[in-house]
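Here's the letter readout for the chains.
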Amino acid sequence: MKLALWTYEGPPHIGAMRVVNSMQNAHYVLHAPQGDTYADLLFTMIERQNHRPPVTYTTFQARDLGSDTANLFVESVLDAAERFKPDVMFVGESCTAELIQDQPGSLALGIEGLDVPVVPLEHPAYSRKENYGASEALYAVVRAVLKDDVIPDQRTPSVNLIGPSSLGFRCRDDIKEVMALLQSIGVQTNAVVPLNATLADIKSLPQATANVCLYSEVGRTTCDWLKRQFKQPVIDVVPIGVTATREFVKAVAEAVGVDATAALQNHASRLPWYSRSIDSNYLTGKRVFIFADATHAIAAARVASEELGFEVVGLGTYSREFGREVRAAAESYGIEALITDDYLEVEDAVKSTEPELVLGTQMERHMAKRLGIACCVISAPFHVEDVPARYSPQMGYEGANVIFDSWVHPLMMGLEEHLLGMFTDDFEFSDAAPSHLGSHASYASDSPTGDAITPQQVTPGNIDAVANAAASQTNTAQTDTSQIKTEADGLQGNDSLWTVDAERELKKIPFFVRGKAKRNTERYAGQFGLQTITLETLYDAKAHYSGS
Amino acid sequence: MTMPVASVAKCKTPAAEHKTAEAKHKTIDIVQERGQREVFCGLTGIVWLHRRMQDAFFLVVGSRTCAHLLQSAAGVMIFAEPRFGTAILDDRDLSGSADFNDELERIVNDLVVRRPEIKTLFLVGSCPSEVIKLDLEKAAERLNKIHPLRVLSFSGSGIETTFTQGEDNCLKALIADMVQGSPAGDDDVAFSRPCELLVLGTVADVVEDQFTRLLQAMGINSVAFLPTRSASRLPLIDQNTKVVLVQPFVGESLRELTRHGLQHIQTVFPFGAEGTLRWLKAIADAFDIDSQHFDRVVEAPLSRARTAMKKVAEPLQGRRVSFFPDSQLEIPMARFLYEECGMQPVEIGVPFFDRQCIGAELDLLPDNIRFVEGQHVDEQLARLHQDQPDLTVCGMGLGNPLEAQGLATKWSIELVFSPIHGFEQAADLAALFVKPLKRRQLLKVPA
Ligand code: SF4
Ligand code: SF4
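## Section: the overall build of chain A
Thinking step 1. Summing up its helical and strand segments, chain A has 23 helices and 14 strands in all.
Thinking step 2. Within chain A, buried positions represent 59% of all 548 residues.
Thinking step 3. Total accessible area on chain A stands at roughly 22100 Å², and carbon and sulfur atoms take up 50% of it.

What follows is the structure, encoded as structure tokens:
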């Protein structure tokens, strides 16, 4: 038994649903109670899908238990086959049905006269989660379609893109971008699975020279099987960021046997120049905390560090299946990876690393908002606003442009930052409403006694109110020094060390670096065994740590 | 072909499903349908109950699906650490290698440390916990002995409850506690001695305040609302307490109360100007309040509501509306839209008919309506496309697909998530239904 407040992943049947919903003319009969139909809204609301997901739920009730739940399942399969006439029928069960052991797989396979290929799905609902369910569902259908096929004599110089799915982050635009990229080096895309795939697409998979594993969470198991079965090499490079995109082009060219030298000479991304332009100087060393699925977490860390010049202060994932890869990546940044599906643990890690930017899921968006830290969503699970109307891939050169814009936008602009630093007394530069970021950076009080602004009060509608409250609070704090420490700052630390003078000086440091200054000064005091922090200590510490 | 799952039977509603000495209502034809239901389970109620009762925590004993449902239904507001969570069962719990009570105790211990302000803990049963027969009532009793907080239990499972029935079960658990008469030791009138009137069902805080003011002006001074804003401050009741419903989905709680001798004031629900007027009038009559005095009290808000309704509801006149089964609010909403906004209901789907709760509303509806109990969602969608109503009230999973097919929709979940009761909200309620129609007129981009 484990307590969960918010979860990063749903149960495995949700993953299976993502795969079935991705495909064309597939259907899924799910043995499940009525409440489980909530899953429809994930597709129709978050992705604004204009049709219901192709799922029939048996919606058995207590009164059916022990009598005819198995029968109900069989009837639902027959009804769905007749009504929707799918090319392929997935059958499975949710957590509750797993307990009543009707074995929907064998039931469906045993239905006489059912004129549609059946793919039974069995995933342990009490030990595995959504991505596993997606990965297994894709593997199951690919295997079912191809298990008796042999290695083709001839292959077309092309690749398959494996892994993009409904409710995957920006998959819709990523495949368009990657296909265009492949085309630019004369490589055809043989098939994309599961997003928009037909059974014929799956049937054609062995025709391609190689498989591109775009999202390991969904595609890895299938790629590995195709490799064993059809000797198709797997291209693992995920083309997120300029360097990775170039490596991707190289890897594909090699695998397929085309010459990409010309294409590699002009990379069509603005990121490298934007990142080198003097305006971007202020991005140097920005502290960034990353928590996402493994694919996006690893890719984001590399882009952040190598292409934007950020400092990666935290890196983690909820995809335990790929914990090893994320650990290895974290090590290369000299930090320890956080592998967990407990968002409270993530929140603690965010607090303690004091990042200036959080890259994460919708969960991180909310915690960052609460903590007043800039944030950008880079991975599932996401909400409706992360399915933009405009074209906004993460992959390829255009993806790099999108990333530059969307990660840099929430941060403070360079010269603005200096002005804030120089004229800290300007009444309009209140802590709560700095610059163009307005509502974003309302450093809501985070102290245990910080009852002036509690997280509960921060809802989209009243963010301004909160910001104002924070502003007025700051003003009081400036006249009444005794209040400065706990309420206005809302930063953790040992406040009893600070003299009034030093505190007042600390307040003059712009809020977005104040935390760091405070932390360093206290560390310095600790290191040298100082009992109080005076104005002098503050500047001693500054000198001590400068350049580090 | 006839679909095997859709066993459609036409039948009269059971005349006296619940034996009470209450008013006889007219009989209507109800089509009973069986097939795929597209309705949330009772766990969903936690999403508003945990906001209403600020010192309570709801611990679902269930699966990852239950946790995911809660977060998807509530998904939109994750600003605060929620006062609900799911104790997710795993293989060890199922195989019996972990002791259920020990595990639960461990989780509750952690919770108590983390959230010391929690005064009442609800253990909420789910499909998995019920299928493997975990006894949450016993577990609650045990925990009650160990912890200073009060532990109660109820079922929100999808095999036993639909969407709003979770609240009904939750209130029943509170009522069981109330009838045992644990005194709250409070100065508040409603809490120091048995209240005169108990209003049953969740309403927005602002609505509670408005009703309280009106009822007090009428002369009913000790009024209590259940659920209360604080789960540890429960009102006292006795046989002289009268009970009135403010939500149509709390029938079991009502019967629990009438079993203990409370008198049910049967009436319509306070939606719209007329609905609110009838509701208040029924209460006034039950308390023998002088009718001139009553008129004086309601005069100003009533005329405000009527004027506002006139301004807002006009675009609904003569439009046809259908309902998918969802929150049990279908019948009261149909009555409001028919009587006060001039709409014609075509089909009204309801998860289940509880005559004791909605009988007075049914009496006010015309005869040419198709009533459907239960659901076969595919069949219902087929009928909807035949009917082509001007507005369809449905759950969130169906909204966008129907809009894409050219049908205007209103999400029914808004009806439980927004203040819609009472005089001051009458026009807001109408506006909820006007908006989708207005928007379609406004938009000049091609569909
Ligand atoms: S229907 Fe049952 S299993 Fe599904 S979310 Fe509701 S209680 Fe949990
Ligand atoms: S604020 Fe949060 S819950 Fe609301 S839409 Fe955005 S991501 Fe979703």
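Text resumes after the structure shown.
## Description of the pattern of salt bridges
Residues and elements named next belong to chain B.
Thinking step 1. Applying the stated criterion across every chain, the model contains 49 salt bridges over all chains.
Thinking step 2. As a salt-bridge pair, Arg229 and Glu208 come within 3.2 Å of each other at their nearest N and O atoms. One end of the pair, Arg229, is in the loop between β8 (223–226) and β9 (242–245); the other, Glu208, is in helix α9 (residues 205–218), and 21 residues separate them in sequence.
Thinking step 3. Judged by its relative accessible area of 32%, Arg229 is partly exposed.
Thinking step 4. Put simply, Arg383 and Glu347 hold a salt bridge, and the shortest N to O gap is 2.8 Å. On the criterion of sequence distance, the pair formed by Arg383 in helix α15 (residues 377–387) and Glu347 in strand β12 (residues 344–350) is long-range, its members being 36 residues apart.
Thinking step 5. We classify Glu347 as buried; its relative accessible area is 3%.

## Digging into the interface of chain B and chain A
Thinking step 1. Each side of the interface is counted separately: chain B has 68 residues, and chain A has 67 residues.
Thinking step 2. The contact between chain B and chain A buries some 6000 Å² in all, and 62% of this surface belongs to carbon and sulfur atoms.
Thinking step 3. Taking the shortest distance from any N to any O, the salt bridge between Arg52 of chain A and Asp378 of chain B comes out at 3.1 Å.
Thinking step 4. At the boundary of chain B with chain A, the tally comes to 23 residue pairs in polar contact (both at pLDDT 80 or more).

## A few points about the confidence of the model for chain B
Residues and elements named next belong to chain B.
Thinking step 1. Summary statistics for chain B give a mean pLDDT of 90 and a share of 91% for residues scoring 70 or more.
Thinking step 2. Segment residues 1–21 is flagged for pLDDT under 50; beyond a separation of four residues in sequence, or across chains, it makes 42 contacts in the model.
Thinking step 3. Throughout residues 183–187 the model reports pLDDT below 50, and contacts reaching past four residues in sequence, or to other chains, amount to 7 contacts.
Thinking step 4. Note on the complex model: pTM 0.87, ipTM 0.91.

## A closer look at the sheet that holds strand β14 (residues 374–377) of chain A
Sheets are built from strands paired through backbone hydrogen bonds, the pairs being either parallel or antiparallel.
Thinking step 1. Spatial ordering of the open sheet is given by β12-β11-β10-β13-β14 (chain A), a layout of 5 strands whose pairing is parallel. Both edges of this open sheet fall to β12 (338–339) and β14 of chain A, since each of them pairs with a single strand only.

Reading the values: the criteria
- Residues numbered from 1 in each chain as written.
- Chains lettered and ligands numbered in written order.
- Predicted model: local features only at pLDDT ≥ 70, side-chain atom pairs only at ≥ 80, totals over all residues.
- Heavy atoms only, no water.
- Helix = DSSP H or I, 4+ residues; strand = E, 2+ residues; numbered from the N terminus.
- Buried < 20%, exposed > 50% of the residue type's maximum accessible area, 1.4 Å probe, protein only.
- Areas by Shrake-Rupley, 256 points an atom, 1.4 Å probe, with all protein chains shown as cover.
- Salt bridge = Lys/Arg side-chain N within 4 Å of Asp/Glu carboxyl O.
- Contact = heavy atoms within 4.5 Å.
- Buried area = accessible area lost by both parts, 1.4 Å probe.
- Polar contact = N/O pair within 3.5 Å; in protein donor to acceptor, adjacent residues only side chain to side chain.
- pLDDT = per-residue confidence, 0-100.
- Pairing = 2+ DSSP bridges.

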